[in-house]
Amino acid sequence: MSKAQSSTLPIEHDVQPTLDARRSRPLRVAIFGFGTVGSSVARILVESKPPELELTHIYNRGVARKRADWTPASVVWSEDAGAVLASDADVIVELAGGLDPAGSWVRSALEAGKSVVTANKKLIAYHGVDLERLAAAKGGHIKYGAAVAGGIPVIPGLEQGMAGDRIERVEGILNGTCNYILSKMQQGTEYAAALADAQAKGYAEADPTEDVGGFDARAKLAILMRLALRVQVDPEGIVPKPITAVTAVDFSYARDLGCTIRQIARAEQVNGQLAATVGPMLVAERSPLAWSQGTENMVIASGHYGGDVVFSGHGAGGHPTAVAVVSDLLALAHGSRRVEIPSAPAHVGAEFEVPHYIRFLVADKPGIVAAITSALAREQINIRAIVQKAGYPQNALPFVVTVEPCKSSALRRALAEVRAMDCMLVEPLDLQILE
């Protein structure tokens, strides 16, 4: 990356003079979005009564059905976003999510010199750099400690606790919905039943694509890459793989290999190039990533000097995420400063060279293994093991091939040849093995 490309983002400077002057009174807080997280933020502010903060406004559509009798009578409930933005609130807490209209609210608040606290990972992943510059130019601040891993202080940890290190790799479990589904599948539940259970418990949306397709984790990974690896990437440059093709039989085979399966987001610099991916992977049972159960999140940041640092805890849910939001509000009230982190535009172009797990489902006949072996050999890919469990019918036989470290592009070419075989009943499932 050229020096001309590099930029130092004013993540946060000294709190502006107007905020300094406000320390004689509480910061006035307006919440946009009174859903699971928004109501939890309000609950903490009302019950804990931090003297530095005062809840003054709540914006939501259909406030008549949202209005809570436990909020102070002084709180203004409104369906008029413009009126709340034009109010005397010092800080806008944006918890509606998505790019619009949330993005326009955040920009309007920053343009007016207000500060913003948000948990909106998509907005920060796609527009965080521009929003930080806008905040600095207008004398406000934007904080987003709740945007990645909910209540786990990953972002403050990277910005401050690890600012003195050179982080070379970041990887982790960033989506509680997928972790819950895969944890249930580890116990023998099939995907459809595990998803239905997650939806019944409120962990998964009616349309779970954002989570199970890897798009939610991709946005969070893009944010972590800027803070940890100091690179600004377009999230669209990270191609996610869904967890939908994983079956209970894959967990059975993974167990035989001393592994389990988790949705992993990972990024690192590889020979001066940037590699990043999101998808289900085999992780060794001895790995901390295998210990994360249910809706828990985990992030491992690997520093050149300090080694691995593990952040773990409840990454989803109203209360844990609300704790991160209120912590950001208190930081603003106390005039905290964050480390200015230099970052530069970068392109995801490198490939991970790791072992792979490939599961086939075939109508058995002679010559299948020989054909697969030949296709792999033509791409210079070495087989590590072939595993086949007994007890499955010949007309729907699952078996697994694991291969030595190779580039995903080479494996894709080999599998394109294999999938054309008339014995293949479904698309071969290719999972990286995280060692």
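Values in this document were obtained by computation on a predicted structure and should not be read as measured data.

1. With respect to the sheet that holds strand β12 (residues 296-303)
Part 1 of the reasoning: Strand order in this open sheet of nine strands is β13-β12-β8-β10-β11-β18-β15-β17-β16, and the pairing throughout is mixed. Two strands in the sheet have a free side with no partner beyond their single neighbour: β13 (307-314) and β16 (383-387). Ignoring strand direction, the axes of neighbouring strands in this sheet form an average angle of 25°.
Part 2 of the reasoning: As defined by bridge partners, β12 adjoins β13 across eight bridges and the pair is classed as antiparallel.

2. Things to note about unusual backbone geometry
Part 1 of the reasoning: In the segment running from Asp100 into Pro101, the intervening peptide bond is cis, with an omega of 5°.
Part 2 of the reasoning: Backbone geometry at Lys49 places phi at a positive 50°, although glycine is not the residue there.
Part 3 of the reasoning: Relative to the helices and strands, Lys49 is located in the loop between α2 (36-48) and β3 (53-59).
Part 4 of the reasoning: You will see that Ala149, though not glycine, has its phi angle at about 65°, which is positive.
Part 5 of the reasoning: Its place among the elements puts Ala149 in the loop between β7 (142-143) and α7 (154-161).

3. Things to note about a nonpolar patch on the surface
Part 1 of the reasoning: A grouping of Val369, Ile383 and Ile386 is seen on the molecular surface, where their side chains present a nonpolar patch of about 210 Å² in accessible area.
Part 2 of the reasoning: Using a relative accessible area of 38% as the deciding quantity, one classes Val369 as partly exposed.

4. Things to note about helix α8 (residues 176-186)
Part 1 of the reasoning: Counting buried positions over the eleven residues of α8 gives nine, a clear majority of the element.
Part 2 of the reasoning: Listed as buried for α8 are Gly176, Thr177, Cys178, Asn179, Tyr180, Ile181, Leu182, Ser183 and Met185.
Part 3 of the reasoning: Taken together, the buried residues of α8 touch β8 (167-173), α9 (191-200), α10 (209-212), α12 (248-256), β10 (259-270) and β12.
Part 4 of the reasoning: Between the side-chain oxygen at the start of α8 and the backbone nitrogen of Thr177 there is a gap of 3.2 Å, and the oxygen is on Asn175.
Part 5 of the reasoning: Phi turns positive one or two residues past the end of α8, at Gly188, with a value near 115°.

5. Section: the packing of aromatic side chains
Part 1 of the reasoning: Going through the model one piece at a time under the given rule, you end up with seven aromatic pairs.
Part 2 of the reasoning: What links up through ring pairs into an aromatic cluster is the set Phe32, Tyr59 and Trp105.
Part 3 of the reasoning: The ring of Trp70 carries the charged tip of Arg43 above its face, separated from the ring centre by 3.9 Å.
Part 4 of the reasoning: In this structure, Arg266 packs its charged tip against the face of Phe352, placed 4.1 Å from the ring centre.

6. What about the sheet that holds strand β6 (residues 115-118)?
Part 1 of the reasoning: Across the sheet, which stays open at both edges, the six strands sit in the order β4-β3-β2-β5-β6-β7 with parallel pairing between neighbours. What marks the edges here is a single partner per strand, and that holds for β4 (76-78) and β7.
Part 2 of the reasoning: One ladder, built from three bridges, connects β3 with β4; its direction is parallel. Directly across from His57, in β4, lies its bridge partner Val76.
Part 3 of the reasoning: Helix α14 (residues 318-333) rests against β2 (27-32), β3, β5 (91-94), β6 and β7 of the sheet, and its axis sits at about 160° to β6.

7. Examining helix α11 (residues 215-229)
Part 1 of the reasoning: Over its 15 residues, α11 runs 20 Å from end to end, which matches the ideal 21 Å to within 8%, given 1.5 Å per residue.
Part 2 of the reasoning: For α11, a buried count of 14 out of 15 residues is recorded, marking the element as mostly surrounded by other parts of the structure.
Part 3 of the reasoning: Following α11 by one or two positions, Arg230 adopts a phi angle in the positive range, close to 65°.

Definitions and cut-offs
- Residues numbered from 1 in each chain as written.
- Predicted model: local features only at pLDDT ≥ 70, side-chain atom pairs only at ≥ 80, totals over all residues.
- Heavy atoms only, no water.
- Pairing = 2+ DSSP bridges.
- Helix = DSSP H or I, 4+ residues; strand = E, 2+ residues; numbered from the N terminus.
- Axes fitted to C-alpha atoms, helices over the stretch in contact; angles between N-to-C directions.
- Patch = residues over 30% accessible without salt bridge, like charges linked within 9 Å, V, L, I, M, F, W, Y side chains within 5 Å.
- Areas by Shrake-Rupley, 256 points an atom, 1.4 Å probe, with all protein chains shown as cover.
- Salt bridge = Lys/Arg side-chain N within 4 Å of Asp/Glu carboxyl O.
- Buried < 20%, exposed > 50% of the residue type's maximum accessible area, 1.4 Å probe, protein only.
- Contact = heavy atoms within 4.5 Å.
- Polar contact = N/O pair within 3.5 Å; in protein donor to acceptor, adjacent residues only side chain to side chain.
- Phe/Tyr/Trp six-rings, centres within 6.5 Å; stacked < 30°, edge-to-face > 60°.
- Lys NZ or Arg CZ within 6 Å of the ring centre and 35° of its normal.
- Expected span 1.5 Å × (residues − 1).

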